[in-house]
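Survey of secondary and tertiary structure
Letter by letter, the chains look like this.
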Amino acid sequence: MKNEISIGLLGFGTVGSGVAKIIQQHQEDLQHKLGAKVTIQKVLVRDAGKDRISDLDPNVFTTDIEEILNDSSLDIIVEVMGGIEGARAAMEQALKSGKQVVTANKDVMAEYGHDLLKLADDEKCDLFYEASVAGGIPIIRTLEDGLASDRISSMMGIVNGTTNFILTKMKQEKKSYEDALAEATELGFAEADPTADVGGLDAARKMVILSSLAYSTEVKLDDVNIRGMETIKDGDVEMGESLGYTMKMVGSSTKDEDGIDVSVEPIFLANSHPLASVNNEFNAVYIYGDAVGETMLYGPGAGSLPTATSVVSDIIAACRNLLLGVNGKREHAAQHERVIKPADKSCSKYFHRLLVDDVVGVLSKVSAIYSKHGASIQSIVQNPGTNETEGKAELILKTHEISRQQHLDVLKELEGMASLISHYRIEGEDAA
């Protein structure tokens, strides 16, 4: 049996340095769990001469990725350098050379995960990716192992800490979107360019990974209905709050006889829903299984040590398989054909917030449009216009459950007679 397992670390930023710290400081625990020593032999960095606060030997640092990928003495390659094409190529090369791979790269796994997992199967290697979704929350392992005996029917998740931090500040401290984003950037919760976060792309990639795994099929990024935070208008958060709802940027995924439906968008959650109380940079994933019922995982969704904890957990799993000689024994091929639910089969309740002329008969005209498309209205609230909207009235309409197609058809026809301020899907009204 091997008495030492060697690691090549691609990247030494926020997550990579956290991985090294845990491995160095927890060496005694790791050896007890595995019966073998775990060592970081080489680390890819941009500048090998840079001063670093690290317990690693300075000689392990290199700027040449080929020096790591072509080193036959390395057992596991850990990719935490970020990016897409370079990281994908590195993982492919590592797998083809018979090395086990651990990654935290959600972008690569969302775009190329199916191909990489197939390659891992073909090469009889392990590819672990726990840290690609929800930082320190063990959601991948829960779906693969903890709920392996169940059939998952739906998931809802707050899987982006940046947007959750912003919405928390907007609700609790009544900050504007711009001020909340500025604070998130200052505290390091938002990137210098937050487009992928606030636009929903980051969360969409994570939902692709979770949906593909939960439903054992090949969900693609183009299958996700995405609406970003730029659609949130002044007063929306307060309006929802006054009606018993909390606004959250939520990734949703369902699978039934009509197919798979995946979306990322700001929605109104009933205050009674467990996700409504998840605040600041924290993440949570709410899972519905046929057997287990409802369960939720909650924890830090990002950060050096929380994310590194997931990476090192994957390293331990790869080490165990190496020591037992069972690498590459998992089957990652999709079990089910990919069927995406059409818009006329995806049903929810909706809020529509309109600005209309404050004249006799306008309400009946609006109602006629909903009736024409078979969209039943549950309630209507009419608010008078402000000084800026003199002669106008604000209508807030809540629908009964209608399809996304009905929702879109109604909005399109309303454009001819009203100004659409905002619209949101409603979830969780029946949650305990």
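Above: the structure in question.
Rules and cut-offs
Residues numbered from 1 in each chain as written. Predicted model: local features only at pLDDT ≥ 70, side-chain atom pairs only at ≥ 80, totals over all residues. Heavy atoms only, no water. Salt bridge = Lys/Arg side-chain N within 4 Å of Asp/Glu carboxyl O. Helix = DSSP H or I, 4+ residues; strand = E, 2+ residues; numbered from the N terminus. Buried < 20%, exposed > 50% of the residue type's maximum accessible area, 1.4 Å probe, protein only. Contact = heavy atoms within 4.5 Å. Core = buried A, V, L, I, M, F, W, Y, C linked by side-chain atoms within 4.5 Å. Axes fitted to C-alpha atoms, helices over the stretch in contact; angles between N-to-C directions. Left-handed = near helix turned anticlockwise from the far one by under 90°. Nonpolar A, V, L, I, M, F, W, Y, C, P; charged D, E, K, R; others polar. Disulfide = S-S within 2.5 Å. Phe/Tyr/Trp six-rings, centres within 6.5 Å; stacked < 30°, edge-to-face > 60°.

1. Examining the pattern of salt bridges
Throughout the structure, instances matching the rule amount to 30 salt bridges. Ionic pairing is found between Glu-67 and Lys-42, a salt bridge with its closest N-O pair at 3.8 Å. Taken as a pair, Glu-67 in helix α3 (residues 65–69) and Lys-42 in strand β2 (residues 37–44) lie far apart in primary sequence, 25 residues in all. Its relative accessible area of 36% is what places Glu-67 among the partly exposed residues. Look at Lys-42 and you get buried, because its relative accessible area is 19%. We note a salt bridge from Asp-256 to Lys-341, for which the minimum N-O separation is 2.8 Å.

2. Topic: the environment of Gln-31
Position of Gln-31 relative to the elements: it lies in helix α2 (residues 27–34). Excluding residues within four positions of it along the chain, Gln-31 makes contact with Ala-36 and Lys-37.

3. Considering the nonpolar core
Core analysis: the biggest nonpolar cluster contains 71 residues, and Ile-139, Leu-143 and Ile-287 have the highest contact counts within it. The contacts of Ile-139, once residues within four sequence positions are left out, are Glu-130, Val-133, Ala-134, Leu-210, Val-285, Ile-287 and Leu-297. Of all hydrophobic cores here, the second largest spans 36 residues; its members include Leu-30, Val-78, Ala-131 and Val-312.

4. Some thoughts on unusual backbone geometry
Where the residue is not glycine, phi is negative for most of them; where a peptide bond is considered, it is trans in most cases. Positive phi is not limited to glycine here, since Lys-174 has a value of about 55°. Relative to the assigned elements, Lys-174 resides in the loop between α7 (161–172) and α8 (177–186). Using a relative accessible area of 49% as the deciding quantity, one classes Lys-174 as partly exposed.

5. Comments concerning the packing of α2 against helix α12 (residues 304–324)
Geometrically, a packed helix pair is captured by the angle between its two axes and the distance between the axes. At a closest axis distance of 10 Å, the pairing of α2 and α12 adopts a crossing angle of 35°. Of the two possible hands of crossing, α2 and α12 adopt the one that is right-handed. The residues of α12 that touch α2, namely those facing Leu-30, Lys-33 and Leu-34, are Val-312, Ile-316, Cys-319, Arg-320 and Leu-323. Here the residues of the contact of α2 with α12 are counted per class, giving 6 nonpolar, no polar and 2 charged.

6. Considerations on the state of the cysteines
If you walk through the whole model with that rule in mind, you get 0 disulfides. Cys-125 takes part in no disulfide bond, and the closest cysteine sulfur, belonging to Cys-319, lies 14 Å away.

7. Digging into the packing of aromatic side chains
To describe a pair of aromatic rings, you give the distance between the ring centres and the angle between the ring planes. Under the defined criterion, the tally for this structure stands at 8 aromatic pairs. With centroids separated by 5.2 Å and ring planes inclined at 75°, the aromatic side chains of Phe-12 and Phe-61 adopt a geometry described as edge-to-face. Of the two residues, Phe-12 is situated in the loop between β1 (4–10) and α1 (14–25) and Phe-61 in strand β3 (residues 61–62); the sequence distance between them amounts to 49 residues. Where Phe-165 meets Phe-189, the ring centres are 5.0 Å apart and the plane angle is 50°; that geometry is what we call tilted. Placement of Phe-165 in helix α7 and of Phe-189 in the loop between α8 and α9 (195–198) is noted, with a sequence separation of 24 residues between them. Relative accessible area serves as the criterion here: at 3%, Phe-165 is assigned to the buried category. Owing to a relative accessible area of 29%, Phe-189 belongs among the partly exposed residues under this scheme. A network of ring pairs unites the aromatic residues Tyr-245, Phe-268, Phe-351 and Tyr-424 as a single cluster.

8. Some words on the side chain of Thr-168
Relative to the elements of secondary structure, Thr-168 occurs in helix α7. On the basis of relative accessible area, Thr-168 is assigned to the buried category, the value being 3%. With residues near it in sequence (within four places) discarded, Thr-168 still touches Glu-173, Lys-248, Asn-279 and Asn-280.

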